[in-house]
Amino acid sequence: MKALKLGIFFSLLLVIASCGKDDESITTDPSSEQPSLYEMVAADPALSKFSASLVQTGLNTTLTNPGNYTVFAPTDKALSDQGIDLEKMSTQELNTFISNHIIEKSLPSYDMTTSYVKTMAKGPENNNLSMFIHNESDIVLNGDAELLSDQKDLMAANGVLHYTSKALKVPSVTDHGKINPDYSLFAEAILLLEDYLPYLLGIDEDQPFTVFAPTNGAFMATIDLMGFDALGQIPLNTLMQILLYHISVEGNLDSGSLEDGQMVEMVMGGSVKVDLSDGVKIVDGTPQPANVVMPDIQADNGVLHSIDKVMIPEHVAKEIGAASTMAELLAINGDFSTLNDALVKTGLIAVLADPSAELTLFAPNNAAFAAALEMYGVDYEDVPMDLLKNILLNHVLGGKVFAGDIETGYTNSSAVNMDGDNLSMYLSKGDDGGVTINGGSQVIYADFETRNGVVHVVDQVIGLPTIVTFATADPDFSSLAGALTADDQPDFVGILGDPASDPFTVFAPINDAFAALPSVPSGDALTQVLLHHVVGGLNVRAGDLVAGDNTVPSLEGDNIVVTVPASMGGIADITDGTGNTGSIIAVDVQAINGVIHAIDAVLIPDTTN
């Protein structure tokens, strides 16, 4: 493919205007005695070139018939001053050029706001080209054409006519990039790289492309993220990689052609993913997707979508992360503002700011926090400080734990119970490599490595786990969970799932233990069996046991005897009310309201006493 000419390189710029209120179209009366728009243009010798072009393109008929149109008409002098020779244009070029001065609604100047409107000119995929109207002290069209103050709002039978100081050039991506000050940093990035782009963009000049263009605010956030004060301080090679990650040569991908999950290949070789689950989001190589804030700014050589962040290729994101602490990243990443505020509020931000630390953070985004607050029916400001701090600590692990190193099982978070024991966390690894925490929260972006650890983005706040949390999260306890939730049983879930209850020690039979029973009891008999596995008011951990027999009373009434050391191959022996002995095979699964020890036998109480 031949190299792209320098003028087209600038067409990578995107401008999206701020939107005002919807324009109210005026209605004209085609049966009135007013002249049509074409008749008004044809009657003025100063518009002879524009008038002749209307005839040549057949648009004179359109502007004579009933309807509602707005015509922005350049004078002959304006065309001459710009060096525009309409007679040298091909039929198609002339039709596009003239149509670009017409919109299909009546728009007087007093209804114009800073916004984009669609002209009658057609671009790729037969999409109407966009026109940018900027209304501050004066009304300016596409960056430099002004309405003539004494020749605007001229009402016709089928619309309104405005004389303009200049002709409206058919807009390229470049033109849209230059005319909106809100997108000046993206334009500046292109200009900084103008000497390099010709050697990197080997796309056909006639091939339309798609640009995702960040706002100035998005660029400033990225400049801060990278530790610079100005765009020009970013190394050109890095800036090049970032810039080319916003441009696709897969064609004119307007919003109507995007599909959920679609992978869009970018010029630099990487891809971004389209997410339509909640608006239009573009997923890049970082934990925070970009939101499309204004789609479908159509140019003659491609389409532009405005986004609220600078997209970063994964390898560049890793370079940025490696130079930043977790605290630095969270401070400037808007999608984690609630988490960052909570960390600052509780003083835990200092932990994540320590460059010498090695931590793993499961980071809930703003949506996760909002969902948790709604579920519990509380306001963020009303969450007690000690509780908020412990919940945050429940998202932090000591050491760097990458997703690939996670195996299904238990680990400890930095949160603690009333005794200062670290709470357990159950991590499960799916066949697809996905990670779920405590049976609910899922990792949606893994392994964002920072200077002092690794961040995994999660879709739910990880609440402080209860006995019920682990009984339902760990598939080895599914039979026990089924028994606890049986229709003929008391509200065990409400009792053992209350994070504020006195602590319980639960000896939890694994599924094989239930399978070994001749039959699983029901009704009151099952209730007594279940109560025989629970010790109330005590958080008995393995370290609390002494050598020999340790006798504890169950809620059923019979004692349970735990014997150390084990004689049957487990961690300790356990004897029930009937004198049967099994093994404790796993210990110290710590919840906020008690502790679980896994056993290989169902404990049966003495029903004769």
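Further up the page is the structure itself.
K.L.:
What should I look at first to understand the sheet that holds strand β15 (residues 302-307) in this one?
P.N.:
The pairing of strands in a sheet comes from backbone hydrogen bonds and takes either a parallel or an antiparallel form. Here we have 7 strands laid out as an open sheet, ordered β10-β9-β15-β14-β13-β12-β11, and mixed in their pairing. Among the strands making up the open sheet, the edge pair consists of β10 (247-248) and β11 (263-265). In this structure, strand β13 (residues 281-283) lies alongside strand β14 (residues 290-299), joined through 2 bridges in antiparallel fashion. Bridge pairing links Lys-281 to Asn-291 in β14.

K.L.:
Help me understand the packing of aromatic side chains, please; the structure alone is not making it clear to me.
P.N.:
Two descriptors summarise a pair of aromatic rings, namely the distance from one centre to the other and the angle between the planes of the rings. Per the counting criterion, the structure on display carries 5 aromatic pairs. Residues Tyr-410 and Phe-470 carry aromatic rings whose centres are separated by 5.7 Å and whose planes lie at 70° to one another, so their mutual orientation is edge-to-face. With Tyr-410 in strand β18 (residues 409-416) and Phe-470 in helix α17 (residues 467-473), the pair connects residues that are 60 residues apart, well separated along the chain. By relative accessible area, Phe-470 is classed as buried at 0%. Among the aromatic residues, ring-to-ring pairing joins Tyr-410, Tyr-426 and Phe-470 into one connected group.

K.L.:
Where do I start with helix α10 (residues 236-244) in this structure?
P.N.:
Since the α-helix packs 3.6 residues into each turn, any two residues three or four apart lie on the same face. With 7 of its 9 residues buried, α10 lies for the most part within the structure. When α10 is considered as a whole, its buried residues turn out to be Thr-238, Leu-239, Met-240, Gln-241, Ile-242, Leu-243 and Leu-244. Its buried side turned inward, α10 meets α8 (184-192), β10 and α11 (314-322).

K.L.:
I would appreciate a short explanation of the sheet that holds strand β1 (residues 69-74) in the present structure.
P.N.:
Here 4 strands make up an open sheet; going across it, the order is β2-β1-β8-β7 and the pairing mixed. This sheet does not close on itself; its edge strands, each paired only once, are β2 (102-103) and β7 (154-156). Where β1 lies against β2, 2 bridges are found, and the strand directions are antiparallel. Following the sheet pairing, Val-71 is matched in β2 by Ile-102.

K.L.:
In this structure, what is going on with the pattern of salt bridges? I would like to understand it.
P.N.:
Oppositely charged side chains can pair when the atoms bearing their charge come close. Summed over all chains, the structure comprises 7 salt bridges. A salt bridge links Glu-381 to Lys-345, with the shortest nitrogen-to-oxygen separation between them at 3.4 Å. With Glu-381 in the loop between α15 (366-376) and α16 (385-393) and Lys-345 in helix α13 (residues 337-346), this pair connects stretches of sequence that are 36 residues apart. Glu-381 gets classed as exposed once you look at its relative accessible area, which sits at 59%. Notably, a salt bridge pairs Asp-588 with Arg-541, separated by 3.8 Å at the nearest N-O pair. On the criterion of sequence distance, the pair formed by Asp-588 in strand β28 (residues 581-591) and Arg-541 in the loop between β24 (534-536) and β25 (548-553) is long-range, its members being 47 residues apart. Through salt bridges with shared partners, one network takes in Asp-421, Arg-541 and Asp-588.

K.L.:
Would you take a moment to explain the packing of α8 against helix α9 (residues 216-225) for this structure?
P.N.:
Working note: a packed helix pair is described by the angle between its axes plus the distance between those axes. Taken N-terminus to C-terminus, the directions of α8 and α9 make an angle of 60°; their axes are 7 Å apart at the nearest point. Along its contact with α8, which presents Ser-184, Leu-185, Phe-186 and Ala-189, the element α9 presents Asn-216, Phe-219 and Met-220. For the contact of α8 with α9, the class distribution of residues is 5 nonpolar, 2 polar and no charged.

K.L.:
So what exactly am I meant to see when it comes to the packing of α8 against α10 here?
P.N.:
As a packed pair, α8 and α10 sit with axes 10 Å apart at the nearest point and diverge in direction by 120°. Between α8 and α10, the interaxial angle falls into the category oblique. Two packed elements cross with a definite hand, and for α8 against α10 that hand is left-handed. Along its contact with α8, which presents Phe-186, Ala-189, Ile-190 and Leu-192, the element α10 presents Leu-236, Leu-239 and Leu-243. Residue composition of the contact of α8 with α10, grouped by class: 7 nonpolar, no polar and no charged.

Rules of the game
- Residues numbered from 1 in each chain as written.
- Predicted model: local features only at pLDDT ≥ 70, side-chain atom pairs only at ≥ 80, totals over all residues.
- Heavy atoms only, no water.
- Pairing = 2+ DSSP bridges.
- Helix = DSSP H or I, 4+ residues; strand = E, 2+ residues; numbered from the N terminus.
- Phe/Tyr/Trp six-rings, centres within 6.5 Å; stacked < 30°, edge-to-face > 60°.
- Buried < 20%, exposed > 50% of the residue type's maximum accessible area, 1.4 Å probe, protein only.
- Contact = heavy atoms within 4.5 Å.
- Salt bridge = Lys/Arg side-chain N within 4 Å of Asp/Glu carboxyl O.
- Axes fitted to C-alpha atoms, helices over the stretch in contact; angles between N-to-C directions.
- Nonpolar A, V, L, I, M, F, W, Y, C, P; charged D, E, K, R; others polar.
- Parallel < 35°, antiparallel > 145°, perpendicular 65-115°, else oblique.
- Left-handed = near helix turned anticlockwise from the far one by under 90°.

Purely geometric stuff here, so don't read any function into it on its own.
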